[in-house]
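# Examination of the molecular architecture
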2 protein chains.
Amino acid sequence: MAMPVYNFGAGNPDPGSFPSQALAEATARVLEGAGETLVTYPDPKGHPPLREIAAERFKKNNGIDLPVDSIALTTGSMQAISLVCQAFLHPGDSIVTEEFSYSGSINCFRKFGVRMIGIPVDDEGMNVDALEEALKDLARRGEPLPKFIYTIATNQNPTGTMMPVSRREKLLSLAQSYGIPIVDDDCYADLLFGEPAPTSFYALDPDSVIYIGSFSKIMGPGMRLGFFAAKEETLAQVLYWKIDGGTNNFAAYVTAEYLKDHLWDHVREINGIVKGKLDTVVQQLDAQPDAFLGHSNPKGGLFIWVKLPEDVDPVRVLELATERNIRYGTGKAFDSQGRDVKYLRLAFGYASHRDFEEGLPLLADCVREARAITLEARV
Amino acid sequence: MAMPVYNFGAGNPDPGSFPSQALAEATARVLEGAGETLVTYPDPKGHPPLREIAAERFKKNNGIDLPVDSIALTTGSMQAISLVCQAFLHPGDSIVTEEFSYSGSINCFRKFGVRMIGIPVDDEGMNVDALEEALKDLARRGEPLPKFIYTIATNQNPTGTMMPVSRREKLLSLAQSYGIPIVDDDCYADLLFGEPAPTSFYALDPDSVIYIGSFSKIMGPGMRLGFFAAKEETLAQVLYWKIDGGTNNFAAYVTAEYLKDHLWDHVREINGIVKGKLDTVVQQLDAQPDAFLGHSNPKGGLFIWVKLPEDVDPVRVLELATERNIRYGTGKAFDSQGRDVKYLRLAFGYASHRDFEEGLPLLADCVREARAITLEARV
């Protein structure tokens, strides 16, 4: 019998929440006479009705309009991030990120040859006092300022923290006074388990912010639909590098057709599922306090950040876990400086309750074993 | 009543050939239990069954295997072209293209800040003797060699010419002896009205060639599915810059599910439709020899290249045609050096027989009027 696989690695939604039946029906409606549209190239900014749904979500979360003309669809939010890099960065530039940030973004920034200034993260996200110091320090030394501040303020990846509005205001005011744009990666905007998220940067000042969103977290990354929004000039500057003939219209048509009637029901349904899984994860983590020293308390999103004992060897944990088919995100993958930090990231959207109940105690054993080896090695 | 629109501009397939009903059925089959796959990220090289179909097409056209592992899906072939540029080009580099080439590629090359060495095109595509001279000349002057040779050898865009195998062999041997890779844009590989296309460069020497293909011409550009193939090292070098989390799996699953049973029937059907339209276009062009001085004789593809009288003002033709809702490709858009050449490109896949019968005589009138004005201006 094949060994079970415990996939706590990738930021995938719950497989059972994928609306297969409803999407098949939406597709059938869309494809009636679709030849006229699907044999032509997409609108350079992408299918307008899906951009309208992006605007509708933004308005519900932030209370203000996001003009449909300010939005452009992309192949997942990751394409938006890489296009922003193409438009803004040269090798040798620096940017600001959270000290721990999304591994995909970090890898992208590395490819563009930039230095990441990693600002410490606490329970309320990026520490803006530390950011202030870092910017002051650069100015004092006459060094070039960072080209943008990349932040995941809502349901931060990997730490699962939420930046309160007071910090957002201070971050924005710093960005404004130094003239540095904010790249706000708001991929997890819809995954909220209680309170609404604090107002986003873009709602506070559309001129200073490139807003990045995704449909991957409520639909599925296989649909590859994300977007970004910015003032006209910046939007054009980023779209200039979108040399792909447009974002998939088939997926956009079908997704828009489904979400126009189901957006909020669907969001409510998945949030219930994902919150339930988070509860199971937290229960399991708290039951093994010697292996899992502590963890963040996500108010949404898909990720929880887990502190390992100081004397553990994270490389050994990964080896042991891999042998047991347990997948998770290493601390190192999310460290902006590539250090082997003593954390790991668990994704709680995809795996089942049973996977967590079985797999997390096994993972705790891996941590204990990696600790014992470290201790032995010291003798 | 709204004025009719004559769209002879974009490289779109026939709207009636879009398999709406069959795709809806394929989607329903794919989506049964698709949650498991569509809530995860795509394979970095893209959905394997669609890559298998790309390989099957290649084998039928060229008689040799294209390993599925050497193929990576992209958002249309245009993303493949732009990724190749990211991987290979720096501002100030030069590349070789046909003198007249695809406007989308030309615009892309311009964005990367490279100089295009445009080699003259005759009835058999790129003139390889002229290419030989150009390369010799660079070598003689000690100038850096071009980073790649970009060619559309089969159903060239915009000229609608076909490069015979003897020229392909000579082009390849030049590329080999100078150590310059060939980027073979083979988007129109399936649109053949008679003979099979001559063997492609990749079949002659996979090590020297990046092969680029598309599903846009047999399905529809709205599906945004293209691909490229190369030896392992080159594939990795290009994929390195594909920072988009993967190519749309929903579209890839559905397209593969449809094409696995219908590929060759579908290709036969669309070739019949498109060839019929080409015949109508040729008839109309030949009926107005004072306005349309000559044209290419496409053996496939979607485009025909039309010679305008020497004394015509192409800018004025465009103004007059735009007033009458006639769209076409200007010669200038396809000229690698951006010159206002006295040609225009007609696309014959999308518009209807009636559009051609009504619109091409109107376009001939525009040419005559632009000629008269030029003559008057001379008085």
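Note that the structure is a prediction, hence the values are computed from the model and not measured. (Residues numbered from 1 in each chain as written. Chains lettered and ligands numbered in written order. Predicted model: local features only at pLDDT ≥ 70, side-chain atom pairs only at ≥ 80, totals over all residues. Heavy atoms only, no water.)

A count of helical and extended segments in chain A gives 13 helices and 15 strands. Relative to its length of 379 residues, chain A is compact, with a C-alpha radius of gyration of 21 Å against a globular reference of 21 Å. Expressed as a percentage of the 379 residues in chain A, the buried residues total 61%. Contacts in chain A between residues far apart in sequence, at least 24 positions, make up 77% of those at least 6 positions apart. Roughly 14000 Å² of accessible area belongs to chain A as shown, and the carbon and sulfur atoms make up 51% of that amount. For chain A, the distance from the average position of its 37 positive side-chain charges to the average position of its 51 negative side-chain charges is 3 Å. (Helix = DSSP H or I, 4+ residues; strand = E, 2+ residues; numbered from the N terminus. Rg over C-alpha atoms; globule rule 2.2 N^0.38 Å. Buried < 20%, exposed > 50% of the residue type's maximum accessible area, 1.4 Å probe, protein only. Contact = heavy atoms within 4.5 Å. Areas by Shrake-Rupley, 256 points an atom, 1.4 Å probe, with all protein chains shown as cover. Lys, Arg positive; Asp, Glu negative; His and termini not counted. Charge placed at Lys NZ, Arg CZ, Asp CG, Glu CD.)

The parts lose accessible area when they come together, and the size of an interface is often stated as this lost area. With 49 residues of chain A at the interface, the matching set in chain B holds 49 residues. Summed over both partners, the interface of chain A with chain B comes to about 4000 Å²; 64% of that surface belongs to carbon and sulfur atoms. Three residues, A:V39, A:K111 and A:I243, lead the burial of chain A against chain B; their summed loss comes to 18% of the area buried on that side. There are 0 salt bridges connecting chain A and chain B. Linking chain A to chain B there are 24 residue pairs in polar contact (both at pLDDT 80 or more). Those elements that place two or more of their residues in the side of chain A that touches chain B are α1 (20–31), α2 (35–38), α4 (76–88), α5 (103–111) and α10 (249–286) of chain A. By residue number, the principal contributor to the side of chain A that touches chain B is α1(A), which donates 6 residues. (Buried area = accessible area lost by both parts, 1.4 Å probe. Salt bridge = Lys/Arg side-chain N within 4 Å of Asp/Glu carboxyl O. Polar contact = N/O pair within 3.5 Å; in protein donor to acceptor, adjacent residues only side chain to side chain.)

Another aspect to go through is the sheet that holds strand β15 (residues 343–347) of chain B. Residues and elements named next belong to chain B. Taken in spatial order, the 4 strands of this open sheet run β11-β12-β15-β14, and their pairing is antiparallel. Strands with a single pairing partner mark the edges of an open sheet, and in this sheet they are β11 (294–295) and β14 (329–330). Where β14 and β15 come together, 2 bridges link them in antiparallel fashion. Residue pairing for β15: T330 is matched across the bridge by L344. With respect to the sheet, helix α10 (residues 249–286) is in contact with β11, β12 (303–307) and β15, its orientation differing from that of β12 by roughly 5 degrees. (Pairing = 2+ DSSP bridges. Axes fitted to C-alpha atoms, helices over the stretch in contact; angles between N-to-C directions.)

Residues and elements named next belong to chain A. Taken together, the 4 strands give an open sheet; going across it, the order is β11-β12-β15-β14, and neighbouring strands pair in antiparallel fashion. Lying at the two open borders of the sheet, with one neighbouring strand each, are β11 (294–295) and β14 (329–330). In the packing of α10 onto the sheet, the strands contacted are β11, β12 (303–307) and β15 (343–347), and the crossing angle to β12 comes to about 5 degrees.

All names here are of chain A. Here helix α3 (residues 48–62) crosses α10 at 35 degrees, and the two axes come no closer than 8 Å. For the crossing formed where α3 meets α10, the hand is left-handed. The segment α3 lies against α10, with P49, L50, I53, E56, R57 and K60 engaging A252, T255, A256, L259, K260, L263 and W264. By residue class, the composition of the contact of α3 with α10 is 8 nonpolar, 1 polar and 4 charged. (Left-handed = near helix turned anticlockwise from the far one by under 90°. Nonpolar A, V, L, I, M, F, W, Y, C, P; charged D, E, K, R; others polar.)

Inside soluble globular proteins, nonpolar side chains tend to come together where they are buried. Formed by 245 residues in total, the largest nonpolar core has its most connected members in A:L346, A:L363, B:L346 and B:L363. Sequence-distant contacts of A:L346, defined by excluding residues within four places in its chain, comprise A:F8, A:V281, A:L285, A:L302, A:F303, A:I304, A:V306, A:Y328, A:L360 and A:L363. (Core = buried A, V, L, I, M, F, W, Y, C linked by side-chain atoms within 4.5 Å.)

All names here are of chain B. Along strand β8 (residues 182–185), one buried face is formed by I182 and D184 and the opposite face, lined by V183 and D185, is buried too. Taken together, the 3 bridges between strand β7 (residues 149–151) and β8 define a ladder with parallel strand orientation. Counted as the bridge partner of I149 is I182 from β8. Tracing the backbone out of β7, into helix α7 (residues 165–178) and back to the parallel element β8 gives a crossover that is right-handed. Both β8 and strand β9 (residues 209–214) contribute to a ladder of 4 bridges, which runs parallel. (Right-handed = clockwise from strand over helix to strand, strands pointing away.)

Take the relation of the copies chain A and chain B next. Between chain A and chain B, which share one sequence, the superposing operator has a rotation angle of 180 degrees and an axial displacement of 0.0 Å; the RMSD is 0.0 Å. The relationship between the two copies is best expressed as a two-fold rotation axis. It is A:A251 whose C-alpha, among those of chain A, lies nearest the rotation axis, at 3.2 Å. When the interface residues of chain A are mapped onto chain B, 100% of them are again interface residues, pointing to one common binding face. (Least-squares fit on C-alpha atoms with pLDDT ≥ 70 in both.)

Bringing the side chain of A:R57 into the picture now. Note on placement: A:R57 falls in helix α3. Dropping the residues within four chain positions of it, A:R57 is found in contact with A:D190, A:S214, A:F215, A:I218, A:F227, A:L263 and A:W264.

Turning next to the pairing of strand β2 (residues 71–74) of chain B. Note on strand geometry: in a regular strand, side chains alternate between the two faces of the sheet. All names here are of chain B. Taking every second residue as pointing to the same face, both faces of β2 are buried, with I71 and L73 on one and A72 and T74 on the other. Here β2 pairs with strand β10 (residues 226–229) via 4 bridges, running antiparallel. Within the sheet, the bridge partner assigned to L73 lies in β10 and is F227.

Residue and element names in this part refer to chain A. Between α4 and α5, whose axes approach to 10 Å, the crossing angle comes to 25 degrees. Between α4 and α5, the angle falls in the class roughly parallel. In the crossing of α4 with α5, the sense of the turn from one axis to the other is right-handed. Mapping the contact onto sequence places M78, I81, S82 and C85 in α4 and G104, S105, C108 and F109 in α5. (Parallel < 35°, antiparallel > 145°, perpendicular 65-115°, else oblique.)

This part takes up the environment of B:L344. Residues and elements named next belong to chain B. With respect to the helices and strands, the residue L344 is situated in strand β15. Put simply, L344 and H47 are 297 residues apart on the chain and 38 Å apart in space, counted from C-alpha to C-alpha. Each residue touching L344, except ones within four places of it in the same chain, is listed here: I304, W305, V306, L308, Y328, G329, G331 and L363.

What follows is about the domain arrangement of chain A. All names here are of chain A. On domain assignment, one finds that chain A holds domain 1 (6–17 + 265–378) and domain 2 (20–263). The gap between the C-alpha centroids of domain 1 and domain 2 is 26 Å. Here domain 1 meets domain 2 over a buried area of about 2600 Å², counting both sides, of which 58% is carbon and sulfur. On the domain 1 side of the interface with domain 2, the three residues burying the most area are H266, F334 and S336, jointly 22% of the side's total. Counting the contacts that link domain 1 with domain 2 gives 1 salt bridge. Across the pair R339 and E99 runs a salt bridge whose closest N-O atoms are separated by 3.0 Å. Looking at the side of domain 1 that touches domain 2, the elements that each hand over two or more residues are α10, β12, α12 (331–334) and β15. When residues in the side of domain 1 that touches domain 2 are grouped by element, the largest group, 8 residues, is from α10. (Domains from an automatic or database assignment.)

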